[in-house]
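# Structural overview
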Amino acid sequence: MSELFNREDFLKNLIKRIHDDPENLEKVKEDFMRIVREMTPIEVAKIEQELVNEGMPAESIQLMCNIHLDVFKEALSEDEIDVEPWHPLHILVEEHRDILNRSKELRGRAGRIKNGDLTQSDIQAMANLLDYMDEVEKYFLKEENVLFPYLERHGLVQPPAIMWKEHDEIRELRKKLREIIDNGTIEPAKVFDLSIGIGEIFSNHIYKEHKILFPSALKLLSPEEWHDTRIQFDEIGYFAYRPMPFEFSLSESVIQTSGNEGLLNLGSGYLTVDQLRTMMSSLPLDITFVDADDTVRFFSEGPDRIFLRTRAIIGRKVQNCHPQKSVNVVNKILADFKAGERDFADFWLNLGPKMVYIRYIALRDAQKRYIGTLEVTQNIAPLRELEGEKRIYDAL
């Protein structure tokens, strides 16, 4: 523990040197970089928070934190992940660079506010930076929903769980800062602390990913898995760095080839017939599928169907499933769907205590050809009564 306290004293002396002699900032930066490389990000964050709690001048803390960010940015340049520009890790590293730059800007604006230099332009700039932080959600989602599952498949479970926890910590700080800015009642100290917190978690997070998580991923994932990862990254999207176009096709993706023999290939996964049947009959809504020739081919058999369906209608023309007075409407919807003039048609009506919402959806294949219509029916009366939030599971 004495070593940690010595480091804390050293950092405090560095801050005093910054405060007393700002012209020697580069020399201080060299000393800071030297000591911070001997410490873990957690140790640095702990010391910085202690200094904030002890009342160190905001401008001094700000300078130190900016140097801290510079150290991480330089580390990204020095220890480059050696992959092709199309590679998912190249994309994440480029997003890292942009996040660090914006985190530094966020801290700078917060520092001005804490020092009393509050202007409308600063408030607007903070709001813009928070809009940017909202876009960073795409970075979180790419990791949580694509990269992490692949790592878990290879037995690397705990590190992704830790990274996801840090994502949630940033989300919570971002939400609190957004509430302050949007409410218009600026609390300079709180704005500063939240901004410092976001920057510190990001810098530590990025350090751990760059030094530990990404090298591990490079060792574990196969080329085919990286190709699949990139395809799924493109589906989620990007917020700052726009990667080079990616053209690659596999006859079978990795997800489609491992241990799924004898199962139904649904593209985004594999199921047994029984699993699919049970899933369809457990949906909190009713679905009916009519093919391109207007023939009823399927309906879900949930226990609380809104409209009666019997298995006798399978193979029947959909027009014959409606009263004569409704056939013209049915034909008009189908004609519009087939002509590409509409993609859906909505209806809603009251049936006793139920508020029934019906949506007809035109289904089209990858070539945009019409292949049928899906009818989705749901009682939305309970949904219309919802208020507030329910975020905790209630067994009652």
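As recorded by an unreviewed UniProt entry, the chain carries the name DUF438 domain-containing protein and is attributed to Mesotoga infera.

On to the environment of L194, then. Relative to the helices and strands, L194 resides in helix α9 (residues 188–220). In this structure, the C-alpha to C-alpha distance between L194 and A110, residues 84 residues apart in sequence, is 8.8 Å. Once you skip the residues sitting within four places of it in the chain, L194 turns out to touch L173, K176, L177 and I180.

On the surface, a cluster of nonpolar side chains totalling about 230 Å² of accessible area is made up of L264, L266 and V273. Tracing the chain through its elements places L264 in strand β1 (residues 264–265).

If charged atoms from side chains of opposite charge come close, those side chains can pair. Applying the stated criterion to the full structure yields 22 salt bridges. With a closest N to O distance of 2.8 Å, D131 and R178 form a salt bridge. Within this pair, whereas D131 is found in helix α6 (residues 120–135), its partner R178 is found in helix α8 (residues 158–183), the two being separated by 47 residues in sequence. According to the relative accessible area criterion, D131 is partly exposed, its value standing at 38%. For R178, a relative accessible area of 17% gives the class buried. Because the salt bridges share partners, they merge into one network encompassing D131, D134, E137, E144, D168, R171, R174, R178 and D182.

As a further point, take the confidence of the model for the chain. Per-chain confidence: the chain averages 81 in pLDDT, with 76% of residues scoring 70 or above. Contacts for the low-pLDDT stretch residues 1–5, under 50 throughout, to residues beyond four places or in other chains number 3 contacts. Residue range residues 249–256 is modelled with pLDDT below 50. Its contacts to residues more than four positions away, or to other chains, number 19 contacts.

Here the focus is the packing of aromatic side chains. Taken as a whole and judged by the stated rule, the model has 5 aromatic pairs. Between Y132 and F239, the aromatic rings sit 5.7 Å apart at their centres with planes inclined by 70°, giving edge-to-face as the arrangement. Here the residue Y132 occupies a position in helix α6, and F239 occupies one in the loop between α10 (223–236) and β1, the gap between them amounting to 107 residues. F239 carries the same exposure label as Y132, and that label is buried. Seen in terms of ring centroids, F140 and F202 are 6.2 Å apart; in terms of plane orientation they differ by 25°. Their pairing is stacked. Taken together, the positions of F140 in helix α7 (residues 137–153) and F202 in helix α9 put the pair 62 residues apart, joining distant regions of the chain. Taking the relative accessible area as the measure of exposure, F202 reaches 1% and is therefore buried. By way of ring pairs, the aromatic residues Y139, F140 and F202 are connected into one cluster. Sitting above the plane of the Y132 ring, R102 keeps its charged end 4.3 Å from the centroid. A cation over a ring is seen here: R359 above F344, with NZ or CZ 4.0 Å from the ring centre.

The next thing to look at is helix α12 (residues 324–339). For the α-helix, the turn length of 3.6 residues means that residues three or four positions removed from each other point alike. A rise of 1.5 Å per residue sets the reference length of α12, with its 16 residues, at 22 Å; its end C-alpha atoms lie 23 Å apart and thus fit the reference within 8%. Considered for burial, the residues of α12 that qualify are V327, V330, I333, L334, D336 and F337. Positive phi shows up at G340, right after α12, with a value of about 75°.

Spatial ordering of the open sheet is given by β4-β3-β7-β6-β5, a layout of 5 strands whose pairing is antiparallel. The two strands at the open ends of the sheet, each matched to only one other strand, are β4 (296–299) and β5 (344–351). Direction aside, neighbouring strands of the sheet carry axes that sit 15° apart on average. In terms of strand pairing, strand β6 (residues 354–364) meets strand β7 (residues 370–379) through 9 bridges, oriented antiparallel. In the sheet register, L363 faces β7, and the bridge partner there is G372.

The next point concerns the nonpolar core. Counting 52 residues, the largest nonpolar core has V136, L147 and L177 as its most contacted members. Listed by contribution, the elements that provide at least two residues to this core are α5 (88–114), α6, α7, α8, α9 and α10. Looking at this core, the element that brings in the most residues is α9, giving 11 residues. L147 has contacts with L92, K142, F214, A217, L221 and W226, leaving out every residue within four places of it along the chain.

Another aspect to go through is the packing of α5 against α6. At a minimum axis separation of 10 Å, α5 and α6 run at an interaxial angle of 150°. The angle between the axes of α5 and α6 places the two elements in the roughly antiparallel class. Crossing of α5 against α6: the hand is left-handed. Facing D98, I99, R102, S103, E105, L106, R109, A110, R112 and I113 of α5, the residues of α6 in contact are S121, D122, A125, M126, L129, Y132 and M133. Taken together, the residues that form the contact of α5 with α6 break down as 9 nonpolar, 2 polar and 6 charged.

Procedures and definitions
Residues numbered from 1 in each chain as written. Predicted model: local features only at pLDDT ≥ 70, side-chain atom pairs only at ≥ 80, totals over all residues. Heavy atoms only, no water. Helix = DSSP H or I, 4+ residues; strand = E, 2+ residues; numbered from the N terminus. Contact = heavy atoms within 4.5 Å. Patch = residues over 30% accessible without salt bridge, like charges linked within 9 Å, V, L, I, M, F, W, Y side chains within 5 Å. Areas by Shrake-Rupley, 256 points an atom, 1.4 Å probe, with all protein chains shown as cover. Salt bridge = Lys/Arg side-chain N within 4 Å of Asp/Glu carboxyl O. Buried < 20%, exposed > 50% of the residue type's maximum accessible area, 1.4 Å probe, protein only. pLDDT = per-residue confidence, 0-100. Phe/Tyr/Trp six-rings, centres within 6.5 Å; stacked < 30°, edge-to-face > 60°. Lys NZ or Arg CZ within 6 Å of the ring centre and 35° of its normal. Expected span 1.5 Å × (residues − 1). Pairing = 2+ DSSP bridges. Axes fitted to C-alpha atoms, helices over the stretch in contact; angles between N-to-C directions. Core = buried A, V, L, I, M, F, W, Y, C linked by side-chain atoms within 4.5 Å. Parallel < 35°, antiparallel > 145°, perpendicular 65-115°, else oblique. Left-handed = near helix turned anticlockwise from the far one by under 90°. Nonpolar A, V, L, I, M, F, W, Y, C, P; charged D, E, K, R; others polar.

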